[in-house]
Amino acid sequence: VTAEEARGEALERCRGGRGLRVGLGGAGGLAEALGRVLRARVQAAAPVPAFRAAIKDGFAVIAADPPGLPRRVVGASRAGPPMPGLRVGPGEAAYITTGAPVPEGADAVVMVENCSREAGGAPFGRGAAVPGAGEHVHLVGPAGQEIRPGQEIREVGSDVGAGEVVLERGERLGPAEVGLLATVGAQSVDVSRRPLVAVLSTGDEVVDGFSGVEPGLGQIRDANRPMLLAAASAAGADILDLGIAGDEEGSLEKAFAAAASAGADVLLTSGGVSMGDKDLLKGTLERLGRIHYGKVLMKPGKPLTFATLPREAAEGPPDELLVFGLPGNPVSSAVTFYLVVLPCLRALAGWREPELRRVDAVLEEELRLDPARPEFHRAVLRWAPGEGAAGGTFLASSTGGQISSRLLSMRSANALLTLPQRAGSLPAGAVVPALLIGDVAGMPQAPGTPTSR
Ligand code: AMP
Ligand code: MG
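Residue indices follow the written sequence of each chain, beginning from 1 at its first position. Note on labels: chains are lettered from A, ligands numbered from 1, in written order. Two thresholds apply to this predicted model, a pLDDT of at least 70 for residue-level local features and 80 or more for giving and counting side-chain atom pairs, whereas whole-chain, interface and lining totals are computed over all residues. Hydrogens and waters are ignored; side-chain quantities use all the structure's heavy atoms.

### Here's the deal with the overall build of the protein chain
Helix and strand assignments follow DSSP, with helices taken as H or I runs no shorter than four residues and strands as E runs no shorter than two, numbered in order from the N terminus. Regarding its fold elements, the protein chain presents 7 helices and 27 strands. In terms of overall size, the protein chain is more extended than a compact globule, its C-alpha atoms giving a radius of gyration of 31 Å where 453 residues would be expected to give roughly 22 Å. A simple rule labels every residue: compare its accessible area, found with a 1.4 Å probe on the protein chains alone, to the largest value its type can have, and call it buried under 20%, exposed over 50%, or partly exposed in between. Here the protein chain holds 453 residues, and 43% of them are scored as buried. The long-range fraction of contacts in the protein chain, counting pairs at least 24 apart against all pairs at least 6 apart in sequence, stands at 69%. Here the Shrake-Rupley method, with its probe set to 1.4 Å, supplies the accessible areas, and only the displayed protein chains count as covering residues. About 22,300 Å² of surface is accessible on the protein chain, with carbon and sulfur atoms providing 54% of the total. The quantity called the radius of gyration is restricted to C-alpha atoms. Its globule counterpart is 2.2 Å times the number of residues to the power 0.38. Residues are treated as being in contact if the distance between any of their heavy atoms lies within 4.5 Å.

Quick look at the structure:
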C-alpha cells in the first residue's frame with residue numbers, strides 16, 4: 001500500500017471516540033478541557049454585556065443637551081455594582097469608569113480627556129480629582145466635536161447576543177475558547193475523550209537510557225519509546241509506558257495483554273517488524289488478530305505494520321486494540337508516526353480534519369530522488385515574504401543526511417517533503433508539497449522578515 005492508503009485504512013478504524021463531561025472550575029478543570037473537541041454547541045444564555053457599559057473613563061451625559069453649557073454632576077458610576085438611584089437628567093452628568101453601568105437617563109459617555117473643571121480649562125489628566133456631586137464639569141472636546149448618542153457605550157448584547165452560538169460542535173478548545181466558555185458562564189462541557197496510547201520498545205539490544213545502566217557492547221539506548229510517548233502526549237493523547245520487550249517468544253503477548261487490560265485505544269510498538277529471524281511482531285499479530293498491512297511503499301518506513309487485536313470491552317460490545325508496528329530505526333519510527341499514527345490519534349480525539357496540513361515549498365537545494373520509493377524528506381520550512389503583490393513563499397532546506405538511524409535529521413524538522421519515486425533529482429527552485437509536522441509559530445524567520453515589533 002502507499003502511505004496515503006496506509007493512513008486511510010487506519011483512519012477508517014478511528015471513528016469518533018467516546019465523550020465525557022468535563023467540569024471547568026479551578027485550574028484542573030481548565031487543563032482537562034484544553035485541546036479537547038466539543039461534542040455539543042455552546043450558546044450564551046444571557047447577553048454580554050448584560051448592562052449598558054462605559055467604554056471609556058469619563059462622564060455619562062445626555063447627547064442632546066445644549067453644547068457648551070456645563071453639566072451638573074449628580075454622582076458616580078464605577079465598575080462594580082451600580083450606585084442605587086443614580087439618574088442623569090437634562091443638564092446633568094455622572095462620573096463613570098470603564099466597564100461601569102451607564103446610569104439611567106444618560107445616552108453618551110465623554111472621555112475624561114475631553115472634560116475639564118472650568119470652561120476652556122485644561123482637560124483632566126490621569127488620576128486627576130474630578131468634580132463630585134453638586135460640582136460642574138465642562139466638556140472641552142476637540143473643538144467642534146459633537147456628542148453622538150451611544151458614543152463610548154457598549155449596548156446590551158453588543159459583544160454576544162442572548163442565545164448566540166459561541167462555540168460549535170467539533171471545535172477544539174484553545175485558550176480563547178476557554179475564555180468564551182467562562183464568559184457565558186458554562187460550568188462544564190461535553191468533549192471528546194483523549195485516546196490512551198500505550199508505547200512499547202522491542203529488542204534484546206535496547207536498554208532503558210534512564211536506568212543508570214551504561215549500554216554494553218552491541219547495546220543501544222532506547223530512543224523510540226521516549227520519543228513516541230512525547231509525540232503521543234504532544235498530540236493530546238494520554239500515554240502508558242510499557243517498557244521494553246525482549247526478542248523472545250511470549251514477551252510481545254505479555255505487552256499486548258497489558259495494553260488491552262489498561263484500556264488502551266492504540267498500541268505503538270517499534271522494532272521487530274522487518275525480516276530478521278528475531279522479528280517476531282508480525283507473526284504474533286497474525287496469530288492473535290488481523291494484520292491490515294505490513295509493508296508500505298515509502299521511504300523511510302517500509303516495514304510499517306497496522307493490525308487490530310479483538311478484545312472484550314469492560315462495557316458495551318467487544319472492541320479492538322489498534323496496533324501500529326513502527327519500524328525500529330528512530331527516524332522511520334518518527335516519520336510513520338507523523339504520517340499515519342498522528343492523524344489517527346486526532347481522529348480518535350474527535351478532530352474532523354485529522355490530516356497533516358500541506359503547503360507548497362520551494363527547494364533551497366537540489367535533492368536526489370529514490371527510483372524505488374516515494375520519499376518523505378525531513379526539512380525546515382521558513383517563510384520568505386514576497387515583494388509587493390508577488391506574495392511570499394515557503395522555502396525548504398534539508399536537515400542533511402537522511403539515513404533512517406540518524407535522528408538528527410528529525411531535529412527541528414517542521415515538514416516532510418513528499419518527493420516523487422523516480423530516478424534523478426529535483427533542482428533547487430523546484431516546488432514540492434510539504435506536510436507540516438511542526439508548529440508554524442515556531443518556524444525560523446527569514447532574515448529581514450518584518451515582525452510585529
Ligand atoms: P529492528 O526492526 O528491530 O531490526 O530494528 C531496526 C533498527 O532499529 C536496529 O538497528 C535497531 O537496533 C534499531 N532500534 C530498534 N528499536 C530501537 C529503539 N527503541 N531505539 C533506538 N533504536 C532502535
Ligand atoms: Mg529488533
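### Regarding helix α6 (residues 281-288)
The set of residues buried in α6 consists of L281, T284 and L285. For α6, the angular spread of the buried residues around the axis is 100°, confining them to a single face. Turned more than 90 degrees away from the buried face of α6 sit E286 and R287, all of them exposed. Looking at the buried residues of α6, the elements they touch are α5 (251-261), β17 (266-270), β18 (290-293), β19 (305-311) and β20 (319-326). Regarding the arc, it is the one traced by the directions from the helix axis to the C-beta atoms.

### A word on the sheet that holds strand β25 (residues 415-419)
Across a sheet, strands are paired by hydrogen bonds formed along the backbone, either parallel or antiparallel in direction. The sheet built from 5 strands closes into a barrel, its strands ordered β21-β24-β23-β25-β27 with mixed pairing. For this sheet the average axis-to-axis angle between neighbouring strands, irrespective of direction, equals 50°. Its contacts with the sheet place helix α7 (residues 330-348) against β23 (375-384), β25 and β27 (431-436), and it is angled at close to 70° to β23. Strand pairing requires that DSSP identify at least two bridges connecting the strands. Interaxial angle, 0 to 180 degrees, is taken between N-to-C directions of lines fitted to C-alpha atoms, where a helix line uses only the stretch in contact.

### Here we look at the pairing of strand β9 (residues 136-139)
Here is the key point about a regular strand: its side chains alternate between the two faces of the sheet. Note that strand β5 (residues 71-77) and β9 share 2 bridges and pair antiparallel. Across the sheet, residue R72 finds its bridge partner in β9, namely H136. Pairing of strand β8 (residues 115-116) with β9 involves 2 bridges; the strand directions are antiparallel. Within β9, the position partnered with S116 by the bridge is H138.

### Here's the deal with the packing of helix α1 (residues 3-11) against α7
It is the contact of α1 with α7, at a shortest axis distance of 9 Å, that shows an interaxial angle of 25°. Between α1 and α7, the angle is such that the two are roughly parallel. As for the relative orientation of α1 and α7, their crossing is right-handed in sense. Residue-level inspection shows A3, A6, R7, A10 and L11 of α1 in contact with α7, the latter providing L339, V340, P343, C344 and A347. Every angle not falling under 35 degrees, over 145, or within 65 to 115 is termed oblique; those three ranges are roughly parallel, roughly antiparallel and roughly perpendicular. Helix crossings fall into two classes, left-handed where the near helix is turned counterclockwise from the far one by less than a right angle and right-handed where it is turned clockwise.

### Concerning the site of ligand 1
We call a residue near a molecule or strand whenever a single non-hydrogen atom of that residue lies within 4 Å of it. The environment of ligand 1 is formed by 17 residues, the closest being E205, D222, A223, G272 and G328. S201 has a polar side-chain atom sitting 3.4 Å from a nitrogen atom of ligand 1. Throughout this description, a polar contact denotes any pair of N or O atoms lying within 3.5 Å of each other; where both atoms belong to protein, one of them has to be capable of donating a hydrogen while the other can accept it, and for residues adjacent in sequence the pair is counted only when both atoms sit in side chains. A distance of 2.8 Å separates a nitrogen atom of ligand 1 from a polar side-chain atom of D222. Out of a free accessible area of 490 Å², ligand 1 has 77% covered by protein chains. The definitions used throughout rest on a 1 Å grid laid over the protein atoms alone, on which a cavity is an enclosed set of points accommodating a 1.4 Å probe that cannot get out and a pocket is an open set flanked by protein within 12 Å on both sides along at least five of seven lines; lining residues are those having an atom within 4 Å of a point. More than half of a molecule's atoms within 2 Å of the grid points is what it takes for that molecule to sit in a cavity or pocket. Comparing atom positions with the cavity grids shows ligand 1 to sit within the second largest pocket. Elements supplying a minimum of two residues to the shell around ligand 1: β13 (196-202) and β15 (220-221).

### Re the environment of Q402
Following the sequence through the fold, Q402 ends up in the loop between β24 (393-398) and β25. With a relative accessible area of 17%, Q402 lands in the buried category. As for Q402 and R378, which are separated by 24 residues in sequence, their C-alpha atoms are 7.5 Å apart. Beyond its immediate sequence surroundings of up to four residues, Q402 is in contact with E375, F376, H377, R378 and S409. Side-chain polar atoms of Q402 contact the side chain of H377, separated by 3.5 Å.

### Some remarks on α1
Among the residues making up α1, those that are buried are A3, A6, R7, A10 and L11. Within α1, the buried residues cover an arc of 125° as seen down the axis, which keeps them to one side.

### Structural notes on the pattern of salt bridges
Should a side-chain nitrogen of Lys or Arg be within 4 Å of a carboxyl oxygen of Asp or Glu, the pair is scored as a salt bridge. Within the structure shown, the criterion is met by 21 salt bridges. Close ionic contact of D208 with R225 constitutes a salt bridge, the shortest N to O distance being 3.6 Å. With a gap of 17 residues between them, D208 in the loop between β14 (206-207) and β15 and R225 in helix α4 (residues 224-234) connect regions that are remote in the sequence. What you see here is one network of salt bridges that share partners, running through D208, D222, R225 and D241.

### Side note on the sheet that holds strand β7 (residues 108-111)
Spatially, β7-β4-β6-β5-β9-β8 is the arrangement adopted by the 6 strands of the open sheet, whose pairing is mixed. Looking at strand neighbours, the two that pair on one side only are β7 and β8, the edges of this open sheet. Relative to strand β6 (residues 92-96), β5 runs parallel, the two sharing 4 bridges. Bridge assignment links R72 to a residue of β6, and that residue is E92.

### Quick notes on the packing of aromatic side chains
Any two rings among Phe, Tyr and Trp, with Trp reduced to its six-membered ring, count as a pair given centres within 6.5 Å; such a pair is stacked if its planes are under 30 degrees apart, edge-to-face if over 60, and tilted if neither. Tallied over the full model, the rule gives 5 aromatic pairs. Ring geometry for F59 against Y95: centres 5.5 Å apart, planes inclined by 65°, an arrangement best described as edge-to-face. With F59 in strand β4 (residues 58-61) and Y95 in strand β6, the pair connects residues that are 36 residues apart, well separated along the chain. Grouped by ring-pair contacts, the aromatic residues Y293, F306 and F324 constitute a single cluster.

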